[in-house]
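Working through the structure, step by step
As a plain string of letters, each chain reads:
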Amino acid sequence: MRVVVIGTGLAGLTATALLAKAGHAVTALEQHEQIGGVTATLERGGYRWDWGQMLVPDFGPAEPARLILEELGVSDQVQAVAGYRENYFPDFRIQHPPECLGVYWRKDYLEKLFPEDAAGLDRYYKIYDRVHDISSLVGKKGLAAKLRLWSKLLPIARKKAWSAQQLMDSCFSRKELQAVFTAILADYVASPTVFPGLLVPMINAEGQYDERLPLQYGRHERRQSWSYIENGMGAIVDALAGAARARGADIRTGEAGTDVRIEAGRVTGVATSSGAEYG
């Protein structure tokens, strides 16, 4: 089968490499001159750096991203480094403690700063645990896993359509506290009024702020690990692109997909900014 992949961020490169491995003729199109999307590495004056603070999930042993790299034979090219992030605000700082203080150390710290929102923090972290349990259970097989999934879903089903702002307003009265959980939306170039509310706990995983936290605790599902990548995110981009090219994939830069041809409900071709058409 002939396949055209539009965009060469991590998702596009992963699809390109896996489809090429499966024996398909794959062309990947990238509108920019450099592959990688937001995970591309910037270079200037002999220095290299990532676009942002790229702390990424699932590169630990037996986790999904690591398994994909192993399937493609490039796992040794991507080394995960345990790490954490800190938050600085005008009036306070959320700082990695010298000793591990437990899974909810940020919650305890924020309750001291904002005692009037202590009940709201309890509500938020109950939602937090449910959302992360759901994420871990999605895709798992077996009746027991499905029953656990539904037991986690039902109590927050009515919040599914909430925006990030609605979630924050339901939990916190102080705007400073809301900012603790929504400031990261700047990375997504998204307003809290339109960003999905139940994704806020996902992008504020507690493991991002202390790499020593257990991945399994209480009666909850196993959590993701979070890591930096040795030599930057470009190491993943290079590994995936190399795996794709080694299997015959054609990765083209400076060429954007401009139109997808559809006939009788099926894709028949892709037109590009260079005037070429693949089909």
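1. Considerations on the overall build of the chain
For the chain, the count of helices and strands is 9 helices and 13 strands. With respect to the principal axes defined by its C-alpha atoms, the chain has extents near 60 × 50 × 35 Å. Out of the 279 residues belonging to the chain, those deemed buried represent 43%. Look at the contacts in the chain between residues 6 or more apart in sequence, and 62% of them connect residues 24 or more apart. Here the chain contributes 32 positively and 33 negatively charged side chains, and the mean placements of these two sets differ by 7 Å.

2. A look at the sheet that holds strand 13 (residues 277-278)
In space, the 3 strands of this open sheet follow the order 11-12-13, with antiparallel pairing throughout. At either end of the open sheet lies a strand with only one pairing partner, and these are strand 11 (257-263) and strand 13. Taken together, the 6 bridges between strand 11 and strand 12 (residues 266-272) define a ladder with antiparallel strand orientation. Pairing of Gly257 across the sheet is with Thr272, part of strand 12.

3. Re the nonpolar core
In this structure, Leu110, Tyr124, Phe172, Leu177, Val180, Phe181 and Val200 are the most contacted members of the largest nonpolar core, which totals 39 residues. Counting residues per element, this core draws most heavily on helix 4 (residues 118-137), which supplies 8 residues. Once residues lying within four places of it in the same chain are set aside, the contact partners of Phe172 are Asp117, Gly120, Leu121, Tyr124, Leu177, Gln178 and Phe181. Ranked by size, the runner-up nonpolar core spans 28 residues in total, among them Val5, Ala17, Ala20 and Ala28.

4. Quick look at the sheet that holds strand 1 (residues 2-6)
Pairing is parallel in the open sheet, where 3 strands are placed in the order 1-2-10. Looking at which strands have only one partner, the edges of the open sheet turn out to be strand 1 and strand 10 (250-253). Neighbour-to-neighbour, the strand axes of this sheet turn through a mean angle of 15°, independent of strand direction. Of the pairings in the sheet, the one linking strand 1 to strand 2 (residues 25-30) comprises 5 bridges and is parallel in character. If you follow Val3 over to strand 2, its bridge partner there is Val26.

5. What about the packing of helix 6 (residues 164-171) against helix 7 (residues 175-182)?
With their axes 10 Å apart at the nearest point, helix 6 and helix 7 run at an angle of 135° to one another. As the angle between them shows, helix 6 and helix 7 are arranged oblique. The two elements helix 6 and helix 7 cross, and the hand of that crossing is right-handed. Side by side, helix 6 and helix 7 meet where Gln165, Met168 and Asp169 of the first sit next to Lys175, Gln178, Phe181 and Thr182 of the second. Taken together, the residues that form the contact of helix 6 with helix 7 break down as 2 nonpolar, 3 polar and 2 charged.

6. Digging into the packing of helix 1 (residues 10-21) against helix 9 (residues 234-246)
Geometry of a packed helix pair, given as the angle between the helix axes and the separation of the axes. The interhelical angle for the contact between helix 1 and helix 9, taken along N-to-C directions, is 25°, at an axis separation of 8 Å. For the element pair helix 1 / helix 9, the angle class is roughly parallel. The crossing of helix 1 and helix 9 is left-handed. Counted together, Leu10, Leu13, Thr14, Thr16, Ala17 and Ala20 of helix 1 and Ile236, Val237, Leu240, Ala241, Ala243 and Ala244 of helix 9 form the full contact between these two elements.

Conventions and cut-offs
- Residues numbered from 1 in each chain as written.
- Predicted model: local features only at pLDDT ≥ 70, side-chain atom pairs only at ≥ 80, totals over all residues.
- Heavy atoms only, no water.
- Helix = DSSP H or I, 4+ residues; strand = E, 2+ residues; numbered from the N terminus.
- Buried < 20%, exposed > 50% of the residue type's maximum accessible area, 1.4 Å probe, protein only.
- Contact = heavy atoms within 4.5 Å.
- Lys, Arg positive; Asp, Glu negative; His and termini not counted.
- Charge placed at Lys NZ, Arg CZ, Asp CG, Glu CD.
- Pairing = 2+ DSSP bridges.
- Core = buried A, V, L, I, M, F, W, Y, C linked by side-chain atoms within 4.5 Å.
- Axes fitted to C-alpha atoms, helices over the stretch in contact; angles between N-to-C directions.
- Parallel < 35°, antiparallel > 145°, perpendicular 65-115°, else oblique.
- Left-handed = near helix turned anticlockwise from the far one by under 90°.
- Nonpolar A, V, L, I, M, F, W, Y, C, P; charged D, E, K, R; others polar.

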